[in-house]
Amino acid sequence: AVVSTQSTGYPAYINSNRTLKRGRRIPKEVAVENPTYQEIADVIKSLELEHLVQPTKHYSREGDRDLWQLGRVKVNLMDDSGTPFNEAVQSKVELMRYIAEMIPKLKSRSDKTRELQLAGNAGKNKKKKGKK
């Protein structure tokens, strides 16, 4: 029997806004809010794992086909003999948990969070106009 050493990862697998029925594969407490395929690829790149980014692919359970949920990443976790390329992640579940743990630490993610906080604070000081 030929065993594939390649795993596929969609953003929905680690999205805390998804239910298990809609595609989340890890516990909600561990998952990340709205991850992108680029963020997933950045974490995999840091592990120095061989991977392929497919930005135009959709997850089959995506009914709405949101643009921010586009893309998938294929990863080689093991060589042909079954030896892991990286000892830190030896299975697809370990990889998904690691990615979910690392995405909040990405510089791009922290910049977005800061921008959202600034945008949220900017609207608080405005006076409301309208009829009394």
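A. Looking closely at the environment of N17. Note on placement: N17 falls in the loop between β1 (6-9) and α1 (37-46). Separated by 14 residues in sequence, N17 and A31 have C-alpha atoms that sit 8.6 Å apart. If sequence neighbours within four positions are ignored, N17 has contacts with E33 and N34. Here the side chain of N17 touches N34 through a polar contact of 2.9 Å, side chain to side chain.

B. Spotlight on the packing of α1 against helix α2 (residues 92-102). Two numbers describe how α1 lies on α2: the axes approach to 10 Å, and their chain directions differ by 105 degrees. Taken together, the axes of α1 and α2 lie roughly perpendicular to each other. Together, I40, V43 and I44 of α1 and L95, Y98, I99 and M102 of α2 make up the contact between the two elements. Within the contact of α1 with α2, the residues separate by chemical class into 7 nonpolar, no polar and no charged.

C. Fine view of the side chain of N86. With respect to the helices and strands, the residue N86 is situated in the loop between β3 (72-76) and α2. At 3.0 Å, the side chain of N86 forms a polar contact with the backbone oxygen of L47. Polar contacts involving the side chain of N86 include one to the main-chain amide nitrogen of A88, which spans 2.8 Å. Every residue in contact with N86, bar those within four places of it in the chain, is listed here: L47 and L49.

D. Up close: the sheet that holds strand β2 (residues 51-54). Pairing within the open sheet is antiparallel, and its 3 strands lie in the order β1-β3-β2. At either end of the open sheet lies a strand with only one pairing partner, and these are β1 and β2. The sheet shows a mean angle of 15 degrees between the axes of neighbouring strands, direction not considered. Sheet topology note: the β2/β3 ladder contains 4 bridges and is antiparallel. Within the sheet, the bridge partner assigned to V53 lies in β3 and is V73.

E. The pattern of salt bridges, seen in detail. Scanning the model with the defined rule gives 1 salt bridge in all. When the shortest N-O distance is used, the salt bridge between K105 and E101 registers 4.0 Å. Residue classification places K105 among the exposed residues on the basis of a relative accessible area of 57%. Taking the relative accessible area as the measure of exposure, E101 reaches 47% and is therefore partly exposed.

Analysis parameters
- Residues numbered from 1 in each chain as written.
- Predicted model: local features only at pLDDT ≥ 70, side-chain atom pairs only at ≥ 80, totals over all residues.
- Heavy atoms only, no water.
- Helix = DSSP H or I, 4+ residues; strand = E, 2+ residues; numbered from the N terminus.
- Contact = heavy atoms within 4.5 Å.
- Polar contact = N/O pair within 3.5 Å; in protein donor to acceptor, adjacent residues only side chain to side chain.
- Axes fitted to C-alpha atoms, helices over the stretch in contact; angles between N-to-C directions.
- Parallel < 35°, antiparallel > 145°, perpendicular 65-115°, else oblique.
- Nonpolar A, V, L, I, M, F, W, Y, C, P; charged D, E, K, R; others polar.
- Pairing = 2+ DSSP bridges.
- Salt bridge = Lys/Arg side-chain N within 4 Å of Asp/Glu carboxyl O.
- Buried < 20%, exposed > 50% of the residue type's maximum accessible area, 1.4 Å probe, protein only.

Any link to function would need more than the numbers given here.
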